[in-house]
There are 2 protein chains.
Amino acid sequence: MNENSIPPHLNDLLVQSGSDQDATSLAALIDGVAAAPRPSNPDEWMVLVAEAPSDDLKAHLRAQLTDAANTKNGLDGEPTRPERTTALRAEMSRAGIDGFIVPRCDAHQGEYVSSNSERLAWLTGFTGSAGSAVVLQNKAAIFVDGRYTLQAQDQVDAQVFEICHMADISATEWVARTLPSQATLAYDPWLLTPKQVARFAAACKRAGGELVACQENLIDRVWSDRPADPISPIAPQIDTYSGQSSADKRLEIGNQLVAQGVDCVFLSAPDSIAWLLNVRGADVPFTPFALSFALLRADGTADWFVDPRKLTKPVKNHLGNGVTLRLPQDLENALIQLGAKKATVRLSPAEHPAWVFQKLESAGGLVNHGTDPCQLTKAVKNHTEVAGIRNAHLRDGVAVCRFLAWVDHHANDGEISELNAADQLERFRRENDLFRGLSFPTISGSGPNGAIVHYRVCEKTNRPLDQNSLYLVDSGAQYLDGTTDITRTIAIGRPSPEMCRNFTRVLKGHIALAEARFPVGTTGSQLDILARAPLWNAGLDYDHGTGHGVGAHLSVHEGPQRISKMPNTVALQPGMVISNEPGYYKQAAYGIRIENLVCVCEISDIPDAERAMLGFETLTYAPIDRRLMVVDLLSPSEISWINAYHEQVFTKIGPQLADGDRIWLKAVTAAV
Amino acid sequence: MNENSIPPHLNDLLVQSGSDQDATSLAALIDGVAAAPRPSNPDEWMVLVAEAPSDDLKAHLRAQLTDAANTKNGLDGEPTRPERTTALRAEMSRAGIDGFIVPRCDAHQGEYVSSNSERLAWLTGFTGSAGSAVVLQNKAAIFVDGRYTLQAQDQVDAQVFEICHMADISATEWVARTLPSQATLAYDPWLLTPKQVARFAAACKRAGGELVACQENLIDRVWSDRPADPISPIAPQIDTYSGQSSADKRLEIGNQLVAQGVDCVFLSAPDSIAWLLNVRGADVPFTPFALSFALLRADGTADWFVDPRKLTKPVKNHLGNGVTLRLPQDLENALIQLGAKKATVRLSPAEHPAWVFQKLESAGGLVNHGTDPCQLTKAVKNHTEVAGIRNAHLRDGVAVCRFLAWVDHHANDGEISELNAADQLERFRRENDLFRGLSFPTISGSGPNGAIVHYRVCEKTNRPLDQNSLYLVDSGAQYLDGTTDITRTIAIGRPSPEMCRNFTRVLKGHIALAEARFPVGTTGSQLDILARAPLWNAGLDYDHGTGHGVGAHLSVHEGPQRISKMPNTVALQPGMVISNEPGYYKQAAYGIRIENLVCVCEISDIPDAERAMLGFETLTYAPIDRRLMVVDLLSPSEISWINAYHEQVFTKIGPQLADGDRIWLKAVTAAV
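Residues numbered from 1 in each chain as written. Chains lettered and ligands numbered in written order. Predicted model: local features only at pLDDT ≥ 70, side-chain atom pairs only at ≥ 80, totals over all residues. Heavy atoms only, no water.

Q: In this structure, what is going on with the overall build of chain A? I would like to understand it.
A: Along the backbone of chain A there are 22 helices and 28 strands. With the C-alpha coordinates aligned to their principal axes, the bounding extent of chain A is approximately 70 × 65 × 55 Å. Burial analysis of chain A (672 residues in total) assigns 58% to the buried set. In chain A, of all internal contacts separated by at least 6 residues, the share reaching a separation of at least 24 is 70%. Surface exposure of chain A reaches about 26,600 Å², of which carbon and sulfur atoms provide 50%. For chain A, the separation between the mean place of its 61 positive charges and that of its 79 negative charges on side chains is 3 Å. (Helix = DSSP H or I, 4+ residues; strand = E, 2+ residues; numbered from the N terminus. Buried < 20%, exposed > 50% of the residue type's maximum accessible area, 1.4 Å probe, protein only. Contact = heavy atoms within 4.5 Å. Areas by Shrake-Rupley, 256 points an atom, 1.4 Å probe, with all protein chains shown as cover. Lys, Arg positive; Asp, Glu negative; His and termini not counted. Charge placed at Lys NZ, Arg CZ, Asp CG, Glu CD.)

Written out as structure tokens, the structure reads:
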């Protein structure tokens, strides 16, 4: 829809519905909405136009959004990929620089980015969630990790980009070896952290060249149909779900700053800001984030740098007096003012944009190096959050049980494929109260596709659920009261004895972790081996972590706690939610993973205990496939765990199911 | 013996035995010998005087050494402790400084120091193995850790020194709070590392004062009867035991330096130098070290800065052409020369003296920050070393079995005390081939003394082996072919059911670690929980590491690998020797520890293993007390391990025992 197609009566429609918008501002707003993911309620955004739009206005808005979304799809079409690199090189020449760094990230350094931050995908075609490219005048390379080497080979034009495995050669090592002497390599200081800048600067120095920050991202200059900044309505996360007011949280973190002699902390992690201000948004896929920045002062007041078009009156009221709304472009002035006052600002050199350090320090401000204090406090859920998360899991468990029954009933029809299974699961979930969308793209892997740890099903790779194989499904949802993440591995037909043995080993690891008891102060790194030992005893292992933190209606992957081989010094604390997901993968054959979410809890039932002990409360309730268990490999205590867990699954989920599904659940949760 | 008492014919005796010494040089040599620990062969040092001293000369040397040792006992007697602090303060005034740091360490940063480095003990009376003091003009404090708070209260005059627990207040924090503004705090740059210097400098800055290096240690100026630098004969560690020539080792480490672009590495760790040059000494207790420094170049040649009086002709021949002998005082010139050449020298800011950094950098040299490369390479024992260590453990096992039988036979007599038990154990060990001394002071703890993790028996605390209690004995020896370390906990009379339950839990942890199988790349931190989980399940734990590295006729505590709660990023490699020593301690009641040494080995007997797997070979053979095992708490696989282990103990050790002891061993290793 172009200017000409705006209906002459649009302004009338807007006025009639009490909207502040006019046709011009509305067009810009809709460009932003088009750049945000589609929420489960597709008309949700219209509250940003008017509190109660008329049906006529709604119809118009729908049409205009569809039009905007079709115009700016952003990534594909003209110019061709090689032409894009050529255009970037011309822009580099104009700017007088010899190279440019294109990371797959935005200023918030999160897992998902908005469509207009997909610069790496636009330039190279690579759509993986991690990677970076370096473009020189006569050479270019893209760097991806082991998860993505095959995908990169598939998506990237090897005539234009050398495709490098990060483990073989890092981007910085490539720069050190490839950058011509005297050359300047440029970066966007919003997209690199000081830690990354230091590494690239050292690499340039080794090459005899120089690293320079550029004022504007060069990709943005040549990406003509680049989407707008995303706009999605920000909603309050009410105290019923958050369990603590934003004012209380701000005071709590503020007191931490006081104790550390820090005047204020800069925040760019969307989940920190969402948690701190008790708000949720929808600017990026799968995570209820509004992209924004904030400065929290030690007195508990905050400045929130956010596009005001995302805010409705109820949200502004919800924020209260302690939060000052400011435009995103005001951040620079705010940093200059802090500098002028010689303020000490907590910044994280591994998480925050180099741009912020540079602005603050050049204005005279002092940097207090440290991590974002919201992350640890947010990871420890309060009682209200834990209660909400439990409820979300019970509702999610109903959807998962209905799905598992559906798979069992239809697996032999030969009509279930990875794609329609994932769709069916999402359909069951959509029926749940408080559903807000999936928490990540469903991993629906049949047979050999189950062995691809980060598999994402598409038409090209879609497989039916083969007979005598394993089907792995890893999925989760966002609910207003919690975020879920569950993996089940399902027997289709008669899996081989080897598959059953390895499933049982994975299950033994899962149980060992679920039953772990450990003293206060223990980290996830210390516990990791519990989940692996049964596989190690058979000479097997899996190449991913055992557990990641999960937010309360926030990111499905959050820190700072983690259960993994990698050293992690964050002690587990009661209220932390974390996944328990050992697996086993036989390349080109099958994959196994068993994942429940658990919540760290106090253990007070040990007679004569001398230490304060912790353990895990299981949050996820769905049957684990008994057909895949080799009972001879299970100890009596492991069998007790399975039977007790299944009894709880039936008790908690059974009453919510229709008769047919309940009878099915009774059978699949019968004692081993 | 003073000058007057030298017999008129001493020079004749020396000449007759072909010695290069005269009476004056001999007196200085003997002062050094007196300052070294007494070796198991008390006349060993005489080879430094003459290859084959006559009996008359020997008799004289013995008498002169006794005399020297009595004159310079170093630590006790006049002046009184308060007078020593007063003298130090006067010296501080003369030097124009306001405070002085007195750490308990020497330039080698090892566990044991020579008698003339016991400055902290001389000044304060505190004889623990870790701690430091800071003396200001009107205040002084000593800082010790949890192991030593009681001991410090016992030994230190609280009128003079505030006794601080490091966990409550560190020395640097105390300085930051206590040092007067404008004051200068001095340190000996030989005794602090750059990392420590940086911490003290920051603390002084916070106090508004300044940290300065002093040219000479102020304690040495006021410690009038301070012992000489220790002198003990250096002996070759022949290839039969070392398994690799020094030239090969130097080339191997040299090649690592080449790959890292480093010209040479500075070495001050006595075990690194002993390993690299295939030599052993006896300058400090319990560890076969010669205190010295070395510079190893990337071409594999080395300069060894060592007192030439410690060296005999055979050792010099053994060293070969690649090692240049230099006087310790030449180190300064060597660093200045490296600086002039702009050489890049590997130095470790956490291990090496600040003095070396300061000399090198002020001369223009470049520091390559990194760890001592000998440590990791040394930790991975070669086949010859592992074979020697196995043999040493079999001989040591004979002594331990004889001791355990002796305890069993006499435990009910009421005549065994902690002290005479330790003596008896040492006596059995002395009978072994290749015995060179204990590897650490025997921990011999009866009843409540067993609960003191770092207990060191003395007349004052000595207890009999009480009826119906536990006796914990942790001991080890140095043999030319290996170093041992074993702990057993023994039932005396009828220990309580609680003692037996907790013993069994410790045993379960020990077995879990002994049986662990893990992929290449796994660290000790990942395995630690295996040893703790059975205690954690009962709400119990122990506050020490689970395993430390052990040298090959070197230190009984070595790195860099470690099994502990603390993150450690060093992967276990085949050939690494490490202890397996979980425990449990009930304060004021009893202590339990079960310790074997194990060697990391490849595991190749797992059918269908997909990963290269490692495990542990047990090196220590001595029975574990069956009377303390609660069989109901043991799994069938744990019982199998116990029976298989005991069968091996009897097979390997039984044939070396006299009939009575062998019959005893047969009974105590019978199947559970």
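Q: How should I be thinking about the interface of chain B and chain A in this particular structure?
A: Residue-level contacts link 29 residues of chain B with 29 residues of chain A. For the chain B and chain A pair, buried surface summed over both sides reaches about 2,300 Å², with 54% attributable to carbon and sulfur atoms. The largest share of the area that chain B buries against chain A comes from Gln526, Trp536 and Arg611 of chain B, three residues that together contribute 27% of it. Summed over the shared surface of chain B and chain A, the number is 2 salt bridges. Two residues, Asp543 of chain B and Arg611 of chain A, come together in a salt bridge whose shortest N-O distance is 3.0 Å. Going through the elements one at a time, β21 (518–519), α20 (524–536) and β25 (583–586) of chain B are the ones with two or more residues in the side of chain B that touches chain A. With 6 residues, α20 of chain B is the single largest residue contributor to the side of chain B that touches chain A. Along the lines of polarity and charge, the residues of the side of chain B that touches chain A split into 15 nonpolar, 5 polar and 9 charged. (Buried area = accessible area lost by both parts, 1.4 Å probe. Salt bridge = Lys/Arg side-chain N within 4 Å of Asp/Glu carboxyl O. Nonpolar A, V, L, I, M, F, W, Y, C, P; charged D, E, K, R; others polar.)

Q: Would you explain the state of the cysteines in this entry?
A: A covalent bond between the sulfur atoms of two cysteines is referred to as a disulfide. All names here are of chain A. As enumerated under the stated definition, the model contains 0 disulfides over all chains in all. In this model Cys374 remains outside any disulfide bridge; the closest cysteine sulfur is found in Cys264, 12 Å from its own. Judged by its relative accessible area of 0%, Cys374 is buried. (Disulfide = S-S within 2.5 Å.)

Q: How do you make sense of the environment of Gln196 of chain B when you look at a structure like this?
A: All names here are of chain B. Note on placement: Gln196 falls in helix α8 (residues 194–206). In sequence terms Gln196 and Tyr241 are 45 residues apart; their C-alpha atoms lie 37 Å from each other. Gln196 has contacts with Gln109 and Leu191, leaving out every residue within four places of it along the chain. A distance of 2.8 Å separates the side chain of Gln196 from the backbone nitrogen of Thr193, its partner in a polar contact. (Polar contact = N/O pair within 3.5 Å; in protein donor to acceptor, adjacent residues only side chain to side chain.)

Q: Hey, could you run me through the relation of the copies chain B and chain A in this one?
A: Each of the two chain copies can be brought onto the other by rotation about an axis and movement along it. When chain B is brought onto chain A, the operation consists of a screw motion whose angular component is 180° and whose axial shift is 0.1 Å, with 0.1 Å RMSD remaining. In short, the pair behaves as if placed about a two-fold rotation axis. Looking at the interface residues of chain B, 100% of them are also at the interface in chain A, so both copies use one shared face. (Least-squares fit on C-alpha atoms with pLDDT ≥ 70 in both.)

Q: Sorry if this is basic, but what is going on with the packing of helix α11 (residues 246–259) of chain A against helix α12 (residues 270–277) of chain A here?
A: Think of two packed helices as two axes; the pair is described by the angle between the axes and how far apart they sit. Residue and element names in this part refer to chain A. It is at 7 Å that the axes of α11 and α12 come closest, and there the two elements cross at 120°. With respect to α12, the axis of α11 lies oblique. Judged by residue contacts, Ser246, Lys249, Arg250 and Ile253 of α11 engage Trp275, Leu276 and Leu277 from α12. Of the residues belonging to the contact of α11 with α12, the class tally is 4 nonpolar, 1 polar and 2 charged. (Axes fitted to C-alpha atoms, helices over the stretch in contact; angles between N-to-C directions. Parallel < 35°, antiparallel > 145°, perpendicular 65-115°, else oblique.)

Q: Is there a simple way to explain the packing of aromatic side chains in this structure?
A: For any pair of aromatic rings, geometry is given as the distance between the ring centres together with the angle between the planes. Summed over all chains, the structure comprises 26 aromatic pairs over all chains. Taking 5.5 Å as the distance between ring centres and 80° as the angle between the ring planes, the aromatic pair formed by Phe126 of chain B and Tyr148 of chain B counts as edge-to-face. In this pair, Phe126 of chain B sits in the loop between α5 (119–124) and β2 (132–136) while Tyr148 of chain B sits in the loop between β3 (140–144) and α6 (149–155), placing the two residues 22 residues apart along the sequence. Taking relative accessible area as the criterion, Phe126 of chain B reaches 1% and is therefore assigned buried. Relative to Trp406 of chain B, the ring of Phe403 of chain B lies with its centre 5.9 Å away and its plane at 25°, an arrangement referred to as stacked. With a gap of 3 residues between them, Phe403 of chain B and Trp406 of chain B both fall in helix α17 (residues 383–410), about one helical turn apart. Per residue, the accessibility class of Phe403 of chain B equals that of Trp406 of chain B, and both read buried. Put simply, the rings of Trp190, Phe266, Phe293 and Trp355 of chain A touch in pairs and so form one group of aromatic residues. We note Lys666 of chain A situated over the ring of Phe650 of chain A; from NZ or CZ to the ring centre the distance is 4.5 Å. (Phe/Tyr/Trp six-rings, centres within 6.5 Å; stacked < 30°, edge-to-face > 60°. Lys NZ or Arg CZ within 6 Å of the ring centre and 35° of its normal.)

Q: For this particular structure, what's the right way to read the pattern of salt bridges?
A: If the charged atoms of two oppositely charged side chains come close together, the side chains can form a pair. The tally for this structure, following the rule as stated, stands at 76 salt bridges over all chains. Two residues, Arg436 of chain B and Glu44 of chain B, come together in a salt bridge whose shortest N-O distance is 2.6 Å. In this pair, Arg436 of chain B is assigned in strand β15 (residues 435–438) and Glu44 of chain B in the loop between α2 (23–35) and α3 (55–71), connecting sequence segments 392 residues apart. Owing to a relative accessible area of 19%, Glu44 of chain B belongs among the buried residues under this scheme. Arg593 of chain B serves as the salt-bridge partner of Asp474 of chain B, at 2.7 Å between the closest nitrogen and oxygen. Of this pair, Asp474 of chain B sits in strand β17 (residues 469–475) while Arg593 of chain B sits in strand β26 (residues 590–593), and the two are 119 residues apart along the sequence. Across the pair, Arg593 of chain B and Asp474 of chain B agree in class, each one buried. If you follow the salt bridges from partner to partner, you end up with Glu91, Arg94, Glu216 and Arg221 of chain A in one network.

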